[in-house]
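Summary of the model geometry
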Amino acid sequence: MHRALLVSEILLEVFIHANRILDPHASILSYRKMSSARKSFAALARTCRLFHEPAMDLLWAELDGIEPLLGCVTRLHPIIYHSGGSISRCFPFKIKPLSEHEASQFLHHAPRVRSLTILYDDYLYLLSVLPIETCMFPTLLSLSTNRDLNRYLHLFLSPMLRHCTLPFVHPDLKSVPIRCAALEELSIKSSFSEIAAPVLYDSIRLCKGLVTLACPPLDWTTWEHVSNLPTLLTLEIWDDRRLLGRRDLKFAPFLNVTRLYFYTRTTTYPVAVMQHLEFPSLNQFEIDVFNLPWTEAEPLFHALSRSKTLSHISVSSKHGGRDIDLLDNSLTPIRQSLCFTQLRTLRFKFPCCCISLDNDLLLEAVSSWPHIRILEFVDPQAVPTVTFRGLFTALHQCPRLHTLDIPLDAVNINIDHTAVSFQHTSLQHLNLTSSNISDAEAVARIIFSVLPSVDRILPPGYKRRFDVYREVQRHLESFHITRATSET
């Protein structure tokens, strides 16, 4: 054996590298499916004493449920692994809870667990023997669950816990920051009742080192607390079933917050936040709102205009009214966004977001966004007026653009692709499924000639099997195959 393998740090890096090679796309080493990496770690653990500990640490590092630990209990092993090695989650409730001796078998490998995802809670009653002060996973760094852990939450709280994702405001939520002083991320993506509000706010005010906070809407007092957290980088607000009311407090600027996300029914809550609070380092703003008539969107964009540092904006809604006809053209969504000169990503997906979009406005817009890389305007009510000529003129102004999705008038083709010397080689992703198309082959030839890096005009997961967009795609693929064949 090479002497380098006697160094535990080197050996661990070799094993981790093996995991990346064998399962490069695995986000978690799932016990429900015996992965190649997991089989390799099990084999390495049996190879020699030197390999045993580091291999076992990696084997147990990430768990998709606690069933594998229950499988270490002699009485439960044949129930857990009843089908030739695969894990079962069918727990008849007549099974008795663990005894004290079985609890020690269950906890044998628990100190090795670093990341735990809990998708089922059928088996939690088996842990009732464990004392309330028990910490099952003393080195756990990440806990994620969509289940009600009920009176068992305390068993999963490690002093080393960094990331905690819960389905709702747990009655014992305050125990999380109290027992997990190193907590960096708290995520509760749900609405909540007035009864749960004080529990949430008190719990957040106990957090001293949060980097990411995702939770139901905060009151002003809690906003004041988080404004004084120098570690905070990302804020997500889920739901808006709470009005902020009058602001009687003075807030420090959120100096280091770079990303804000809102998931709300209306824009009232986000607008109040953006109007009253300062985010001098903000570069990402995203909102998914249930209903977005322009009478509500315009105040949102006006509030956003205070953050000139924004480089990523995403506004999405499935519902909205066409009240924009009553407004001046200078207040349209695209024109309201011209002030964000640092934009690299702009995504609008809501009714009437493309109002007044034509060749001239597109050119003016991309000229204001010289760094733009992703541009998406998805409007179910749009009547495409941007032509190929207008598009290619605009592309001269955004050489870094690699993703484009706008409604395009590809019926009235006003350009001869054989006479165009310009090629935009950076654009790789083009979605034409919101465009009007009549001559599929002509459209494919124009794209092939002017946008040589584009090989698909359909978004991922496009399900229609026979339509004009599929026909454009088939022609485009044929042209690329012909070119590749001629070059070999």
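For the structure itself, look to the data block above.
Only a predicted model underlies this, so the values are computations on that prediction, with no experimental measurement involved.

Describing the overall build of the protein
Assigned secondary structure in the protein consists of 16 helices and 16 strands. Here the protein has roughly 23300 Å² of accessible surface; of this, 54% comes from carbon and sulfur atoms.

A closer look at the state of the cysteines
Under the definition given, this model contains zero disulfides. In this structure cysteine 135 is not part of a disulfide, and its nearest cysteine sulfur, from cysteine 180, lies 7.9 Å away. In this structure cysteine 135 comes out as partly exposed when scored by relative accessible area, which is 24%. Summary of cysteine pairing: cysteine 215 is not part of a disulfide, and the nearest cysteine sulfur, belonging to cysteine 207, is at 9.8 Å.

Remarks on the side chain of serine 175
As for its placement among the helices and strands, serine 175 is situated in helix α7 (residues 175-179). Within polar-contact distance, the side chain of serine 175 engages the backbone oxygen of aspartate 172 at 2.6 Å. With residues near it in sequence (within four places) discarded, serine 175 still touches Leu153, Leu157 and Cys180.

Considerations on the pairing of strand β2 (residues 115-118)
The alternating pattern of β2 places Ser115 and Thr117 and Leu116 and Ile118 on opposite faces, both of which are buried. Pairing of strand β1 (residues 62-64) with β2 involves three bridges; the strand directions are parallel. Looking at β2, one finds that leucine 63 is bridged to leucine 116.

Topic: helix α16 (residues 468-487)
Note on helix geometry: an α-helix contains 3.6 residues per turn, so any two residues three or four positions apart are oriented the same way. For α16, which comprises 20 residues, the first-to-last C-alpha distance of 29 Å matches the rise-based estimate of 28 Å (1.5 Å per residue) to within 8%. Listed as buried for α16 are Tyr469, Val472, Gln473, Leu476, Phe479 and His480. Seen from one end, α16 has its buried residues packed into an arc of 125°, which puts them on one side. Along α16, exposed side chains directed more than 90 degrees from the buried face belong to Ile481, Thr482, Thr485 and Ser486. Structurally, α16 contributes buried residues whose contacts are with β16 (436-437) and α15 (440-450). Its side-chain oxygen 3.2 Å from the backbone nitrogen of tyrosine 469, aspartate 467 forms the N-cap of α16.

A closer look at helix α8 (residues 197-205)
When α8 is considered as a whole, its buried residues turn out to be Ala197, Leu200, Tyr201, Ser203 and Ile204. One face of α8 carries all of its buried residues, which in axial projection span an arc of 160°. In this structure, the buried residues of α8 make contact with α7, β5 (185-188), β6 (212-215) and α9 (220-227).

Some remarks on the nonpolar core
Judged by nonpolar contacts, the single largest core of 142 residues is most densely connected at Phe156 and Trp223. The leading source of residues in this core is α15, at seven residues. Ignoring anything within four residues of it in the chain, the contact list for tryptophan 223 reads Leu218, Leu235, Ile237, Leu244, Phe251, Phe254, Tyr269, Val273 and Leu277.

Some words on the environment of proline 270
Residue position: proline 270 is located in helix α10 (residues 268-276). Given the relative accessible area of 0%, proline 270 is considered buried. For the pair formed by proline 270 and leucine 300, sequence separation is 30 residues and the distance between their alpha carbons is 7.5 Å. For proline 270, the contacting residues outside a window of four places in its chain are Phe262, Thr264, Ile287 and Leu300.

As for the packing of aromatic side chains
Where two aromatic rings form a pair, the distance of their centres and the angle of their planes describe that pair. If you walk through the whole model with that rule in mind, you get twelve aromatic pairs. An aromatic cluster of three or more residues is present, and its members are Phe301, Phe348, Phe350 and Phe377.

A closer look at the packing of α15 against α16
Pairs of packed helices are described in terms of their axes, by the angle between the two and the distance that separates them. Following both chains from N to C, one finds α15 and α16 inclined at 45°, their axes separated by 8 Å at the closest point. As the angle between them shows, α15 and α16 are arranged oblique. The interaxial crossing formed by α15 with α16 has right-handed handedness. Packed against α15, whose contacting residues are Ala440, Glu441, Val443, Ala444, Arg445, Ile447 and Phe448, the element α16 presents Val468, Glu471, Val472, His475, Leu476, Phe479, His480 and Arg483 at the interface. Grouping the amino acids of the contact of α15 with α16 by side-chain chemistry returns nine nonpolar, two polar and four charged.

What to know about the pattern of salt bridges
On inspection of all chains with the given rule, the structure shows twelve salt bridges. Between arginine 335 and glutamate 364 there is a salt bridge whose closest N-O contact spans 2.9 Å. You can see arginine 335 sitting in helix α12 (residues 333-336) and its partner glutamate 364 sitting in helix α13 (residues 359-368), a full 29 residues away along the chain. Between lysine 349 and glutamate 376 there is a salt bridge, with the nearest N and O atoms lying 3.8 Å from each other. On the criterion of sequence distance, the pair formed by lysine 349 in strand β11 (residues 345-349) and glutamate 376 in strand β12 (residues 374-378) is long-range, its members being 27 residues apart.

Looking at the pairing of β12
Across the five residues that make up β12, a large majority, four, are buried. Two strands pair when backbone bridges link them, and β11 and β12 are joined in this way by five bridges, in the parallel orientation. Following the sheet pairing, leucine 346 is matched in β12 by leucine 375. Each parallel crossover has a hand, and the one from β11 via α13 to β12 is right-handed. Examined bridge by bridge, β12 and strand β13 (residues 403-405) share three bridges and lie parallel to one another. Residue pairing for β13: isoleucine 374 is matched across the bridge by threonine 403.

Reading the values: the criteria
Residues numbered from 1 in each chain as written. Predicted model: local features only at pLDDT ≥ 70, side-chain atom pairs only at ≥ 80, totals over all residues. Heavy atoms only, no water. Helix = DSSP H or I, 4+ residues; strand = E, 2+ residues; numbered from the N terminus. Areas by Shrake-Rupley, 256 points an atom, 1.4 Å probe, with all protein chains shown as cover. Disulfide = S-S within 2.5 Å. Buried < 20%, exposed > 50% of the residue type's maximum accessible area, 1.4 Å probe, protein only. Polar contact = N/O pair within 3.5 Å; in protein donor to acceptor, adjacent residues only side chain to side chain. Contact = heavy atoms within 4.5 Å. Pairing = 2+ DSSP bridges. Expected span 1.5 Å × (residues − 1). Arc of directions from axis to C-beta. Core = buried A, V, L, I, M, F, W, Y, C linked by side-chain atoms within 4.5 Å. Phe/Tyr/Trp six-rings, centres within 6.5 Å; stacked < 30°, edge-to-face > 60°. Axes fitted to C-alpha atoms, helices over the stretch in contact; angles between N-to-C directions. Parallel < 35°, antiparallel > 145°, perpendicular 65-115°, else oblique. Left-handed = near helix turned anticlockwise from the far one by under 90°. Nonpolar A, V, L, I, M, F, W, Y, C, P; charged D, E, K, R; others polar. Salt bridge = Lys/Arg side-chain N within 4 Å of Asp/Glu carboxyl O. Right-handed = clockwise from strand over helix to strand, strands pointing away.

In short, shape yes, function no, at least from these values alone.
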